[in-house]
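Coordinates in review
Here's the letter readout for the chains.
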Amino acid sequence: MAAEQDLMEKVVALCKRRGFVYPGSEIYGGLANSWDYGPLGTELKNNIRDWWWKRFVQSRDDMVGLDAAIIMNPKVWEASGHVAGFSDPLVECKNCHQRFRADQIDREAPCPSCGKKGTFTEPKQFNLMFQTSIGSVEGDKNRVYLRGEIAQAMFVNFKNVLNTTRSRLPFGIASIGKAFRNEITPGNFIFRTLEFDLMEFEYFIRAADWEKTFEYWLGEQKAWLAELGFDPAHLRVREHEKEELSHYSKRTADIEYQTPFGWKELFGLAYRTDYDLRNHTEKSGVDLQYTDPDTNEKFIPHVVEPTFGLTRLLLMVLLEAYQEEGGGDERRVVLRLKPALAPFKAAVFPLLKNKEDLVGKARGIYDALRRDFSVAWDDRGNIGKRYLAQDEIGTPVCITVDFQTLEDDTVTVRDRDTKEQERVAIADLPRHIMAL
Ligand code: GAP
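Overview of the structure.

The rules behind the values
- Residues numbered from 1 in each chain as written.
- Predicted model: local features only at pLDDT ≥ 70, side-chain atom pairs only at ≥ 80, totals over all residues.
- Heavy atoms only, no water.
- Helix = DSSP H or I, 4+ residues; strand = E, 2+ residues; numbered from the N terminus.
- Pairing = 2+ DSSP bridges.
- Near = heavy atom within 4 Å.
- Polar contact = N/O pair within 3.5 Å; in protein donor to acceptor, adjacent residues only side chain to side chain.
- Areas by Shrake-Rupley, 256 points an atom, 1.4 Å probe, with all protein chains shown as cover.
- Nonpolar A, V, L, I, M, F, W, Y, C, P; charged D, E, K, R; others polar.
- Axes fitted to C-alpha atoms, helices over the stretch in contact; angles between N-to-C directions.
- Contact = heavy atoms within 4.5 Å.
- Buried < 20%, exposed > 50% of the residue type's maximum accessible area, 1.4 Å probe, protein only.
- Expected span 1.5 Å × (residues − 1).
- Arc of directions from axis to C-beta.

A word on unusual backbone geometry
- For the peptide bond that leads from leucine 169 to proline 170, omega is -5 degrees, which places it in the cis range.
- Considering the arrangement of structural elements, one finds proline 170 in the loop between helix 6 (158-164) and strand 9 (171-180).
- A positive phi is found at asparagine 33, a non-glycine position, where the angle reads about 60 degrees.
- Relative to the helices and strands, asparagine 33 is located in the loop between strand 1 (21-23) and strand 2 (35-37).

In structure tokens:
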């Protein structure tokens, strides 16, 4: 376990040191559970997001996208059940007034914050929706919510999508964006935060098809994790007990990842029945039924919802990819990221910084590759150190321009995983990188 906690500390330190993730508002002392994604974290997050969109939306005939407003009419959240039922049970220490999730604390033990014993209140439901108000006057009339899940916009726009696309059952609406939850969190870095990025889709079906659709999407979620490079031994599926099901779900399964702080939810999969479309039909008065184009049968579709936490996945991708190898001079940290995820696909080095012709040649290669790939440049220190610096951020190949390059237009290409080097013609570099 110590080694595993160590892993978490090492990944957090790497994130800070190399600019993947910074503490939010750091110069003002930070803000609990808020984090900012630095230059490399932004690239990694965008790469995960783009892969997901390509795999689950652009490559499929049965999926369309939606990019909706974060602030919606508050009636949406009343109809969806979030105002009444989206809550966690909390207890408060009567001495220091710190709040804790009731399921994560021993109420007989001293308060972890102030150390006093026997001071906890009875558990009370605490709504997770962030509230704000529109305009300058606060109050019930102007109250709005930051969305607690991105799903609702896909239900609210169901009719718009039907009317403007050729989508026919079964089909999905997909979305990527921020969700906000006023959570008490145990502080496991970016695992559970106040705002986070979600990728998910609502897959609309006939009620009779829900079980086979559920199994299909569970298989697809697992398949994508394998493509991302996850070891299946680090993953498991956990069915939700009846008592823990969300207010809208008849069946939920989580894909959990073995983190240094235990098995934790990575992706979720829920059968939401016709709960949402039915509620919105009743509360808005707008008919959200689907009409079968062949039989003219009218009905409210059912929904299976695969959901993928983007920022949580980013953490798990880093934990999975982080490795330390060798000892002494041979010691290195290497992020074995799939090349499609790596912030830089390649790094270009001139062998020596003070040789103008080498630097000029390397600069030309760098500029040419940058038109198609995200590429790093480094001309500091010795080549060995530059390799190590790229290994720990997951750059799949390093390209060195040396004196031979000036004679025959070839460069040394060094592989991150095998550390092997080969000579490659400059003209072949784009193909070489594409093949990764
Ligand atoms: N529309 C369904 C929904 O939002 P959820 O299980 O509440 O389901 C979906 O959240 C996913 O979002 C989770 O599987 C997890 O990956 C991620 N997630 C949930 N709460 C989070 C938080 N506070 N911080 C970071 N990621 C979170």
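So, next bit.
With respect to the pairing of strand 23 (residues 421-425)
- Pairing geometry for strand 22 (residues 410-415) and strand 23, over five bridges, is antiparallel. Within the sheet, the bridge partner assigned to threonine 410 lies in strand 23 and is alanine 425.
- Turn length for the strand 22-strand 23 hairpin, with the two strands adjacent in sequence and antiparallel, is five residues, and the turn residue lysine 419 shows positive phi of about 65 degrees.

Here's the deal with the site of the ligand
- Around the ligand, the surrounding shell holds 20 residues, and the nearest of these are Glu149, Arg181, Glu183, Glu265 and Leu266.
- One of the side-chain N or O atoms of glutamate 183 is found 2.5 Å from a nitrogen atom in the ligand.
- In the environment of the ligand, an oxygen atom lies 2.5 Å from a nitrogen or oxygen atom belonging to the side chain of glutamate 265.
- Computed on the free molecule, the ligand has an accessible area of 560 Å², of which 92% lies beneath the protein chains in the complex.
- Of all the elements in the fold, those that place two or more residues in the shell around the ligand are strand 10 (195-205), strand 13 (262-273) and strand 16 (302-309).
- Each residue belonging to the shell around the ligand can be placed in one class, and the counts come to seven nonpolar, four polar and nine charged.

Some remarks on the sheet that holds strand 23
- Strands sit in the order 20-19-21-22-23 across an open sheet of five strands; the sheet is mixed. Strands at the two margins of the open sheet, each flanked by one partner only, are strand 20 (375-377) and strand 23. If you compare each strand with its neighbour and ignore which way they point, the axes differ by 30 degrees on average.
- Lying over the sheet, helix 11 (residues 383-391) contacts strand 19 (346-350), strand 20, strand 21 (397-401), strand 22 and strand 23, oriented at roughly 165 degrees with respect to strand 19.

A closer look at the sheet that holds strand 10
- Taken in spatial order, the seven strands make up an open sheet running 3-9-10-16-13-12-11, and their pairing is mixed. Two strands bound the open sheet, and with one partner strand each, they are strand 3 (63-66) and strand 11 (235-239). Taken over all neighbouring pairs, the strand axes of this sheet differ in orientation by 25 degrees on average, direction set aside.
- Sheet analysis places strand 13 next to strand 16, joined by six bridges and oriented antiparallel. Directly across from alanine 270, in strand 16, lies its bridge partner glutamate 305.
- Running at roughly 150 degrees to strand 13, helix 7 (residues 210-227) makes contact with strand 3, strand 10, strand 11, strand 12 (251-259), strand 13 and strand 16 of the sheet.

Here's the deal with the side chain of arginine 416
- With respect to the secondary-structure elements, arginine 416 resides in the loop between strand 22 and strand 23.
- On the basis of relative accessibility, which here comes to 3%, the residue arginine 416 falls in the buried class.
- Looking at arginine 416, its side chain comes within polar contact range of the main-chain oxygen of leucine 335, at 3.3 Å.
- With near-sequence residues (within four places) excluded, arginine 416 lies in contact with Arg332, Val334, Leu335, Arg336, Leu337, Asp391, Gly394, Thr395 and Pro396.

Some remarks on helix 10 (residues 356-370)
- Taking 1.5 Å of rise per residue, the 15 residues of helix 10 would be expected to cover 21 Å, and the 21 Å separating its terminal C-alpha atoms lies within 8% of that figure.
- Turning to helix 10, its buried residues are Leu358, Ala362, Ile365, Tyr366 and Leu369. Viewed end-on, helix 10 has its buried residues packed into an arc of 100 degrees, placing them on one side of the element.
- Where the residues of helix 10 are buried, they touch strand 19, strand 20, strand 21, helix 12 (403-408), strand 22 and helix 13 (429-434).

Concerning helix 11
- Every buried residue of helix 11 is listed here: Ile383, Arg386, Tyr387, Ala389, Gln390 and Asp391.
- Between the side-chain oxygen at the start of helix 11 and the backbone nitrogen of glycine 384 there is a gap of 3.1 Å, and the oxygen is on asparagine 382.

So, the side chain of aspartate 402
- Relative to the assigned elements, aspartate 402 resides in the loop between strand 21 and helix 12.
- Aspartate 402 gets classed as buried once you look at its relative accessible area, which sits at 14%.
- When near neighbours in sequence (up to four residues on either side) are disregarded, aspartate 402 contacts Leu351, Leu358, Thr412 and Arg423.

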